[in-house]
Amino acid sequence: MRSERRFGHKFLSGLSSSARKTILVAGGAGFLGSHLCERLLNQGSDVVCLDNLLTGSLDNIAHLSQTGRFTFRQHDVIEPLRIDGPVDEIYNLACPASPPKYQKDPFHTFQTSIMGAMNLLELAKAKGARILQASTSEVYGDPEISPQPESYRGCVNTVGPRACYDEGKRAAETLFYEYGRQFGLNTKIARIFNTYGPRMSPDDGRVVSNFIVQALTGRDLTVYGKGEQTRSFCYVDDLVEGLMRLMASPDDLRDPVNLGNPGEFTVRELAEIVLARTGSRSRLVNLDLPVDDPRQRRPDIARAKRELSWSPVVPLEEGLDHTIAYFDAVLRNSARKEAMVS
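What you are looking at is a predicted structure, and each value in this text was computed from that prediction instead of being measured. (Residues numbered from 1 in each chain as written. Predicted model: local features only at pLDDT ≥ 70, side-chain atom pairs only at ≥ 80, totals over all residues. Heavy atoms only, no water.)

## A few points about the side chain of Q214
To keep things clear, this is the line we draw: Under the DSSP-based scheme used, a helix requires at least four consecutive residues in state H or I and a strand at least two consecutive residues in state E, with every element numbered from the N terminus. With a 1.4 Å probe rolled over the protein chains alone, any residue whose accessible area is under 20% of its type maximum counts as buried; one over 50% counts as exposed, and the rest are partly exposed. In what follows, a contact means two residues having at least one pair of non-hydrogen atoms within 4.5 Å.
Considering the arrangement of structural elements, one finds Q214 in helix 5 (residues 207–216). Judged by relative accessible area, Q214 falls into the buried class, the value being 10%. When residues no more than four places from it in sequence are discounted, the contact partners of Q214 are R219, D220, L221, T222 and S282.

## Notes on helix 7 (residues 267–278)
Which entries qualify depends on this criterion: Each helix should span, by expectation, one fewer than its residue count multiplied by 1.5 Å.
Across its twelve residues, helix 7 extends 17 Å between first and last C-alpha, which sits within 8% of the 16 Å expected from 1.5 Å per residue. Those residues of helix 7 not exposed but buried are V267, L270, A271, I273, V274 and L275. Where the residues of helix 7 are buried, they touch helix 5, strand 9 (221–224), strand 10 (230–231), strand 13 (265–266), strand 14 (284–287) and helix 9 (316–341). Just past helix 7, the residue G279 takes up positive phi, approximately 70°.

## Observations concerning a nonpolar patch on the surface
The cut-off we apply is this: Without a salt bridge and with relative accessible area above 30%, a residue can belong to a patch; like charges are then joined within 9 Å and nonpolar side chains (Val, Leu, Ile, Met, Phe, Trp, Tyr) within 5 Å. Each accessible area is a Shrake-Rupley estimate made with a 1.4 Å probe; only the visible protein chains count as cover when residues are assessed. One speaks of a salt bridge when a side-chain nitrogen belonging to Lys or Arg is within 4 Å of a carboxyl oxygen belonging to Asp or Glu.
There is a patch of nonpolar side chains on the surface, built from Y224, L287 and L289 and spanning about 260 Å² of accessible area. Along the polypeptide, L289 turns up in the loop between strand 14 and helix 8 (302–308).

Put into structure tokens, the structure is as follows:
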């Protein structure tokens, strides 16, 4: 099903029509995509948001209606698409990133990564647009070295429960490489490490959202294994800044670029920080490790520092405070609605 909505009245940005870009964000109603749409609008661009709303939400983008420069189109990128008029840049963020959600329909996840990439690449070729692929640190699998530089080729299981996402993203990188090499397309590849912040879904299934929701609702915090596996956590504002800098980088920067926070924490350390920031009395309980759960995840961001002059600036505690406040408001609002119904 396709539908299109244009929100709000025309907003006079002070930019001439020739200076203003039209930017398409696939997956723009999701957690990361909605923040990116917001930033792009704030810089004066016209934004076309594509999303099939399987994991995205109209609630994430409703506030963007005020600009009049925001168009939402419900569309699944595995289907060919046509956009009238010019398109200057395309961000491909279209794919669930939460393991429980991408494993729910592995065939669709794989199609989104591959067919979706091809459809957007074809659109970029037709429009002469720059295009950025939101790849993932999952291309490194369960890494044998830490931190992981872009030159590391990974240790990935091609037949495990995470393979539909991991291998789909690896194949999408290949497609971006070949479209750049064979057709001269201006392609960018961002390998995104764990990102968190407001607008994550309460049932996202990733460690930050799990711990915060469990702590706020007084449930046990579920720690897989002994909690000794490590992760790095990048606040969403920092990540969006990195994506925009990568899109604006020189044409010859075609190699993948890691975007993430190199600060490394064990999962148990994260759980203890969340308990302290929320004041929760929840306990930690240990469960078996999921299949192919990586033991270490930490980006080497030397390339991003060198080529983009980018590094994250938001400390974990500060970012968690913003995220906790968001989830607290969401849970309170949900409780009010339930009380009214009952």
